[in-house]
Amino acid sequence: MKLAVYLGMAAFLCAGSLLWSSQVEHLTPKKRKMLRDLFLLAAGALFVLVATCRYGIGYDYFNYQTLYEQLGPMSVLQLLQDHVGQEFIGYSIFTHLMYLLELSYRQLLLVVNLLLTAIVVWFVRRFSPLPWLGLYLYLTLQFFAHSMNLFRQSIAATICLLAYPFLKRRKLLPFALIVLLAATFHTSAIFFLPFYWILNWRCDGRLFAVMGAAAVPVYLFSNQAAQFLTQYLFPNYAGYIGSRYWEGLGYRYAIFPILYFAAVWLLRKRLLQRDEGDRILINSAFYVMLLYIFCTHHMILERFSIYLFPYAMVLLPKLVVSFLPAEGTSPTLPHKQRQREKQQLEQQRYLAMLATVIVVLAGFGYLLFASQQGSNGFHKVYPYVSMWSQSQS
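Residue positions within a chain follow its written sequence, with the count starting from 1. For a predicted model such as this one, the threshold for reporting local features is a pLDDT of at least 70, and the threshold for listing and counting side-chain atom pairs is 80 or more; totals across whole chains, interfaces and linings nevertheless cover every residue. Excluding hydrogens and water, the side-chain values take into account all heavy atoms of the structure.

1. Notes on the overall build of the protein chain
Item 1. Each helix corresponds to a stretch of at least 4 residues labelled H or I by DSSP, and each strand to a stretch of at least 2 residues labelled E; elements are numbered beginning at the N terminus. Of the regular secondary structure elements, the protein chain holds 21 helices and 0 strands.
Item 2. Relative to the compact-globule value of 21 Å for 393 residues, the protein chain shows a C-alpha radius of gyration of 22 Å, a close match.
Item 3. Burial classes: relative accessible area under 20% of the type maximum marks a residue as buried, over 50% as exposed, and values in between as partly exposed (1.4 Å probe, protein chains only). The buried share of the protein chain, reckoned over its 393 residues, is 50%.
Item 4. Contact criterion: two residues are considered in contact whenever any of their non-hydrogen atoms come within 4.5 Å of each other. Within the protein chain, contacts between residues at least 6 apart in sequence are counted, and of these 76% link residues at least 24 apart.
Item 5. Each accessible area is a Shrake-Rupley result for a 1.4 Å probe, and residues are judged covered by the shown protein chains and nothing else. By element, 64% of the accessible surface of the protein chain is carried by carbon and sulfur atoms, the whole surface being about 19300 Å².
Item 6. Considering the protein chain, the positive charge centre built from 32 side chains and the negative charge centre built from 16 side chains are found 9 Å apart. In this treatment the radius of gyration is a C-alpha quantity, and the globule benchmark scales as 2.2 Å times the residue count to the 0.38 power. Under the counting rule used here, the positive set is Lys and Arg, the negative set is Asp and Glu, and His together with the chain ends is not counted. Lysine's charge is taken at NZ, arginine's at CZ, aspartate's at CG and glutamate's at CD.

2. Regarding the packing of helix α6 (residues 89–100) against helix α7 (residues 105–127)
Item 1. The convention used is that axes are lines fitted to C-alpha atoms, helices contributing only their stretch in contact, and that angles between N-to-C directions extend from 0 to 180 degrees. The N-to-C vectors of α6 and α7 enclose an angle of 125°; their axes lie 11 Å apart at closest approach. Put simply, α6 runs oblique to α7. α7 is crossed by α6, and the crossing has right-handed handedness. Across the interface between the two elements, Tyr 91, Phe 94 and Met 98 of α6 pack against Leu 108, Val 111, Val 112 and Leu 115 of α7.
Item 2. Each residue is assigned to one of three groups, with Ala, Val, Leu, Ile, Met, Phe, Trp, Tyr, Cys and Pro labelled nonpolar, Asp, Glu, Lys and Arg labelled charged, and all others, Gly among them, labelled polar. Looking at the contact of α6 with α7 residue by residue, the classes come out as 7 nonpolar, no polar and no charged. Should an angle lie under 35 degrees it is considered roughly parallel, over 145 roughly antiparallel, and from 65 to 115 roughly perpendicular; all remaining angles are considered oblique. Here is the rule for handedness: rotate from the far helix to the near one, and if that takes an anticlockwise turn smaller than a right angle the crossing is left-handed, while a clockwise turn gives right-handed.

3. So, the environment of Trp 201
Item 1. Within the element layout of this structure, Trp 201 appears in the loop between α13 (195–198) and α14 (205–220).
Item 2. Judged by its relative accessible area of 35%, Trp 201 is partly exposed.
Item 3. Among all residues touching Trp 201, those that are not within four sequence positions of it are Leu 207, Met 211, Arg 279, Asn 283 and Tyr 287.

4. Looking at a nonpolar patch on the surface
Item 1. Taken together, the side chains of Tyr 350, Leu 351, Met 353, Leu 354, Val 357, Ile 358 and Leu 361 present a nonpolar region at the surface, about 660 Å² in accessible area.
Item 2. With respect to the helices, strands and loops of the structure, Tyr 350 is situated in helix α20 (residues 338–371). Exposure above 30% relative accessible area and no salt bridge define the residues that can form patches, which grow by joining like charges within 9 Å and nonpolar side chains of Val, Leu, Ile, Met, Phe, Trp and Tyr within 5 Å. A pairing counts as a salt bridge when a side-chain nitrogen of Lys or Arg comes within 4 Å of a carboxyl oxygen of Asp or Glu.

5. Some words on helix α19 (residues 312–321)
Item 1. When you tally the buried positions in α19, you get 10 out of 10 residues, the bulk of the element.
Item 2. Inspection of α19 places Ala 312, Met 313, Val 314, Leu 315, Leu 316, Pro 317, Lys 318, Leu 319, Val 320 and Val 321 among the buried residues, and these make up the whole buried set.

Here's what the structure looks like:
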């Protein structure tokens, strides 16, 4: 079955929802925390296993195997002088260190997947109110598929997740240093740097309208805009202009990002009432939508969304729990109205459960959509091929 492995992973992650439900309220906080951490550890191990044991899936699988064999034997000095090594010096040096440890390409994949998964699990555990749902979205919204295809850029985008707490606390120096580190693996990470300011702007419909209006001429004259950007900011992407990657994706690719932002915008007040800092997440949804609209003109621009779209792993779970009473609130109704208060709490839980189901179904629908695009779906990872199935064929 084309999606068997991914469906199994999705089912396991959904089963984890029980550990964040009322079914475990009878347990002590310490035991609940232990069980949840064990689940996240098991989920992380599953992601590492699937990503490491793949064979030949992802457009860049064999390209990076060749690159490892090419760059690994070079010394650091040679890498600094080699035009390929200079282009992504952080990854080049990392590759060289792995080669010094005499790791095979499979073992290199293991190390990379351990690092990527550790950061993702840390990110959802710390910032998502429903980590199981955050990991489910990591799978279904194609961030996991991205990591099995666009190798270096996935490393860069995942490193950028480490900048999120500094983005929230408005600490520019550590934020910038993390983004610059990511840029040594993939120069497109520089794109994320100005979002330190952009994502902290106030959530204002008028501002979004102005930004949308300003984007219209850029969309219409995108070839000229791209020539300017590739000349001064992203020269490595100049070769894509006029190639098949410069062709547009179908308008169907913009549907989910548009619905994503629409839902976030309609429920923004729930988020902002609880945490004004969630404007970062709300703003990110707008720019994800904008990028995917631009992707209908040039598919290569979809790659830049990977620096913003993963915030959905936190934003959508926050939308779900926004239907529940805020943590730390105490009953305020008179004693005679306790029954009414209980009914109100049940209604809130029902709405939160309904929101959860909608998010899960939306993610599942996106997974199905992604798997049906082209002959191998998004990022050429459908169907899954393991090193064992390849050896038997």
